[in-house]
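# Structural overview for review
Each chain, letter by letter, is given below.
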Amino acid sequence: MAFVLVAVVLWRIDARAFADALRGVDALAFFGFALVFSLALLTADAFATAPLYRKVAPGLRVGDVWVARARSYPASVLNHHLGQAHLTWQLARRSGVPLPSVAGATLLAYTSWSGWLAAAWVASSVMRGGEWWWWAGPVAVVGGYLLLIALAPRPLTTVAFLAPLFEAGVLGHVVAWVQRFPHFAVLFLGTWLSPRFFGVTVPFAEALTSVPLLMVVATLPVAPQGLGTRDALAAALLRQFAAGSSAEEQLAHVAAATLGWAVVLTVLQLALGLLALRLGAAPGDARAGERRPVVLYALASNGMAHATRALPMLERLSRSYEVHVFCGGPARRWLAARFERVHWIRRFMAFYVGDRVSIPLVMAVAVLTLPLSAWCMLTIGWVMVTRRPLALVTDFEALSTWTALLLRPFVKVRVVVFDNFCAARVAEPPFDPTPEERTLLRKWQGTLKAVAPTADVFLVQSVVHPTLTDSRARYVRPPIRDRFLGYAGPRSDDGPVVVCLGGTRGFDWLPEVLERSGLRCHVYGFDQAREVGAVSFRRFEDDAYLESLAHAPFSVVRGISSAYDALSLGKPILFCPAEGQFEHTFNARLFERLGVGRMAAPLTPEALRDFLAGLEPYRQRLAGLSMFDNESVYAELERAVRGA
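Residues numbered from 1 in each chain as written. Predicted model: local features only at pLDDT ≥ 70, side-chain atom pairs only at ≥ 80, totals over all residues. Heavy atoms only, no water.

We now examine the pattern of salt bridges. Counted by the stated rule, this structure contains 18 salt bridges. Across the pair arginine 472 and aspartate 470 runs a salt bridge, and its minimum N-O distance is 2.8 Å. One salt-bridge network, in which partners are shared between bridges, spans Arg481, Arg483, Asp542, Asp543 and Asp565. (Salt bridge = Lys/Arg side-chain N within 4 Å of Asp/Glu carboxyl O.)

This is the structure:
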């Protein structure tokens, strides 16, 4: 039937005008309009429908209905009522309420929808000065229905799928009708405004009559998405408002508008439905007693450092929670091999000019990739809305934090900042900064606030504990991989020095410096393995790295994770900060105060030899310290996640 009706419509139009109408559309603006419409319609539908289903299933939330509605879209593409049936089945399964009772709530949704169709018809009749019989019929039908609800005849109230209608009463119907308005308004506006992209401009008074008719016809169980039926009716109702000098050209613009809108909506609704299904077991698929609490964990992934520190916490969280991880680059691939739900998001990278970070270049790339960042925030927001997590644990990751804060009016997610950087923000400096360092510290604090403007809890990973300046902050020990803490293999101090600077670019000077020092060195993290005199450049492999550290006299580091790796094995550190990255200098000064290492800026052969000659005080200091305890860190993290 659909193809027959479409064929009839296309037979009557001017083919060239039809092609011109399609070519004349601003495709990007049209697709953007359709995308905003689809998301707004889904959200408005969920907010209008959830209160109705809560009358029979009190445990259902807006997020549950949002997901279930999205998952019903593939069925809705075939027919609106089939999608409604799928939604009803999902929510009955989710709540454990008998299907007839949930079907009654669906009927209540239908009545609220029908009330607005009747209201639009009456308003159109009045605005156009129509005779009284144009609007008397809908008014009589609505009035008769409400009278039946008020009388509540016993034979009807005992029918399971009708009972929710009578339990709502007249007042409940009015409330449902008011709550339905945003949903009706979004659908009305989308159906009314979308033809304008194709040169079909319908006056508002006429739209009040024609648009509801098109909305109803699209739901008839005759063709998928109203294909054909809507096109045939639109040709009759909207032709006079279309561009074109002949009837055939006008019909071509109307056909292009209805068919274009149907195709784009079908694609978007299928995409939303498939995305909802790919997220795994949504709230609508889980029995209340079986669902594990959800935690989101987002981490910076410029390199591997944050991922390696996150590993022991993710392993522990995964025992009790459904954990969704957000990161990018090699960190995502590394974590995806170990955990189920690892989602890709873009990673903000540091760009170097020589050995110095170029802030203008970093900012330029960030601006140019704003659309990608927006898409990632939509991905994160989707999981927040559909999974309703207890908390977001953010390890210096901005997109997730901003998404949680923007969604806070609708979805309350606790934000737990869990990193070493926040020490510079919520605590006194652990050393006496120079005037230049104090200026750099203020700039770095501004960066930290841009990444996480606020949080419910700040868990400060630090081995030094200066006075905290924020009541929401508390110290935890730095997390470190369990295999480092539990290393029981042989140890010595007579092996090569381990050099781990966290990258392969900007180190053209390194081979010469190490070779001139005369020290044997193992350098980890380079793309190609090669030997330069007594210096061995190696690809990063955990087992080889751990064994080398166990026998090294000390380690040369730049990042805090490699510093913790060395300290966990009792190895002093020579910290080589990158120029232009104050956080490196901050960490180096912190370790100097703790007495477990020294800063070398720049790294020179003399600095390497001098540090080797004076290792004993650092070793003695390390022997008297207890810096790591993953179990106590996890206890504090879970406490923060739970809101304790």
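A few words now on the side chain of histidine 173. Examined against the element boundaries, histidine 173 turns out to sit in helix 10 (residues 163-193). There is a polar contact of 2.8 Å between the side chain of histidine 173 and the side chain of tyrosine 145. Setting aside anything within four residues of it in sequence, one finds histidine 173 in contact with Leu108, Thr111, Tyr145, Leu146, Ile149, Leu165 and Ala168. (Helix = DSSP H or I, 4+ residues; strand = E, 2+ residues; numbered from the N terminus. Polar contact = N/O pair within 3.5 Å; in protein donor to acceptor, adjacent residues only side chain to side chain. Contact = heavy atoms within 4.5 Å.)

Taken as a whole, the second largest pocket encloses approximately 1000 Å³ of empty space. Lining the second largest pocket are 31 residues, with Trp66, Leu378, Thr379, Gly381 and Trp382 sitting closest to its centre. Breaking the lining of the second largest pocket down by element, the ones donating at least two residues are helix 3 (27-54), helix 4 (62-71), helix 13 (247-278), helix 17 (370-387) and helix 18 (398-407). Looking at the lining of the second largest pocket, the element that brings in the most residues is helix 17, giving eight residues. (1 Å grid on protein atoms, 1.4 Å probe; cavity = no way out; pocket = protein on both sides within 12 Å on 5 of 7 lines; lining within 4 Å. Points joined across faces, edges and corners; volume = space filled by probe spheres on them.)

This part takes up the packing of helix 4 against helix 6 (residues 80-95). Running from N to C, helix 4 and helix 6 point in directions that differ by 140°, and their axes come no closer than 9 Å. One finds that helix 4 runs oblique with respect to helix 6. Handedness of the helix 4/helix 6 crossing: right-handed. Of the residues in helix 6, those touching helix 4 at Asp64, Val65, Ala68, Arg69 and Arg71 are Gly83, Gln84, His86, Leu87, Gln90, Leu91 and Arg94. Here the residues of the contact of helix 4 with helix 6 are counted per class, giving four nonpolar, four polar and four charged. (Axes fitted to C-alpha atoms, helices over the stretch in contact; angles between N-to-C directions. Parallel < 35°, antiparallel > 145°, perpendicular 65-115°, else oblique. Left-handed = near helix turned anticlockwise from the far one by under 90°. Nonpolar A, V, L, I, M, F, W, Y, C, P; charged D, E, K, R; others polar.)

Overall, mixed pairing links the seven strands, which are arranged 12-13-11-10-14-15-16 in an open sheet. The outermost strands of the open sheet, each flanked by one partner alone, are strand 12 (530-532) and strand 16 (597-599). Shown here is a sheet whose adjacent strand axes are inclined to one another by a mean of 20°, direction ignored. In terms of strand pairing, strand 12 meets strand 13 (residues 535-538) through three bridges, oriented antiparallel. When the sheet's bridge partners are listed, valine 532 is paired in strand 13 with valine 535. In the packing of helix 25 (residues 582-594) onto the sheet, contacts are made with strand 15 (573-575) and strand 16, and the angle to strand 16 comes to roughly 140°. (Pairing = 2+ DSSP bridges.)

On to the sheet that holds strand 7 (residues 414-419). Read from one edge to the other, the open sheet built from seven strands follows the order 3-2-1-6-7-8-9, with strand pairing classed as parallel. Only two strands of the sheet have a single neighbouring strand rather than two, namely strand 3 (342-344) and strand 9 (473-476). Shown here is a sheet whose adjacent strand axes are inclined to one another by a mean of 20°, direction ignored. In this sheet, strand 9 lies alongside strand 8 (residues 457-461) in parallel orientation, the contact comprising four bridges. Residue pairing in the sheet places valine 460 in a bridge with tyrosine 475 of strand 9.

Attention now goes to a nonpolar patch on the surface. Taken together, Val170, Leu171, Val174, Val175 and Val178 make up a surface patch of nonpolar side chains, about 410 Å² in accessible area. Among the structural elements, valine 175 can be located in helix 10. (Patch = residues over 30% accessible without salt bridge, like charges linked within 9 Å, V, L, I, M, F, W, Y side chains within 5 Å. Areas by Shrake-Rupley, 256 points an atom, 1.4 Å probe, with all protein chains shown as cover.)

Alanine 601 connects to proline 602 through a cis peptide bond whose omega is 5°. Tracing the chain through its elements places proline 602 in the loop between strand 16 and helix 26 (605-613). Positive phi values are uncommon outside glycine, yet alanine 152 reaches one of about 45°. With respect to the element layout, alanine 152 can be found in the loop between helix 8 (132-151) and helix 9 (154-157). Although it is not a glycine, arginine 388 adopts a positive phi angle of roughly 50°. Examined against the element boundaries, arginine 388 turns out to sit in the loop between helix 17 and strand 6 (391-395).

Moving on, we get to the nonpolar core. The nonpolar side chains of a soluble globular protein tend to be buried with one another. Within the largest apolar cluster, 89 residues are counted, with the highest numbers of intra-cluster contacts made by Leu91, Val463, Tyr564, Leu567, Ile573, Phe586 and Phe591. Discounting chain neighbours no more than four positions away, the residues touching phenylalanine 591 are Val463, Ile560, Ala563, Tyr564, Leu567, Ile573, Phe575, Val596 and Gly597. Counting residues in each nonpolar core, the second largest holds 40 residues, with Ala44, Trp113, Ala207 and Ala242 among its members. (Core = buried A, V, L, I, M, F, W, Y, C linked by side-chain atoms within 4.5 Å. Buried < 20%, exposed > 50% of the residue type's maximum accessible area, 1.4 Å probe, protein only.)

Moving on, we come to helix 15 (residues 329-336). Residues lying three or four places apart along an α-helix face the same way, a consequence of the helix completing one turn every 3.6 residues. The set of residues buried in helix 15 consists of Gly329, Ala331, Trp334 and Leu335. If you follow the buried residues of helix 15, they end up packed against strand 1 (294-299), helix 14 (305-320), strand 2 (322-327), strand 3 and helix 23 (542-551).

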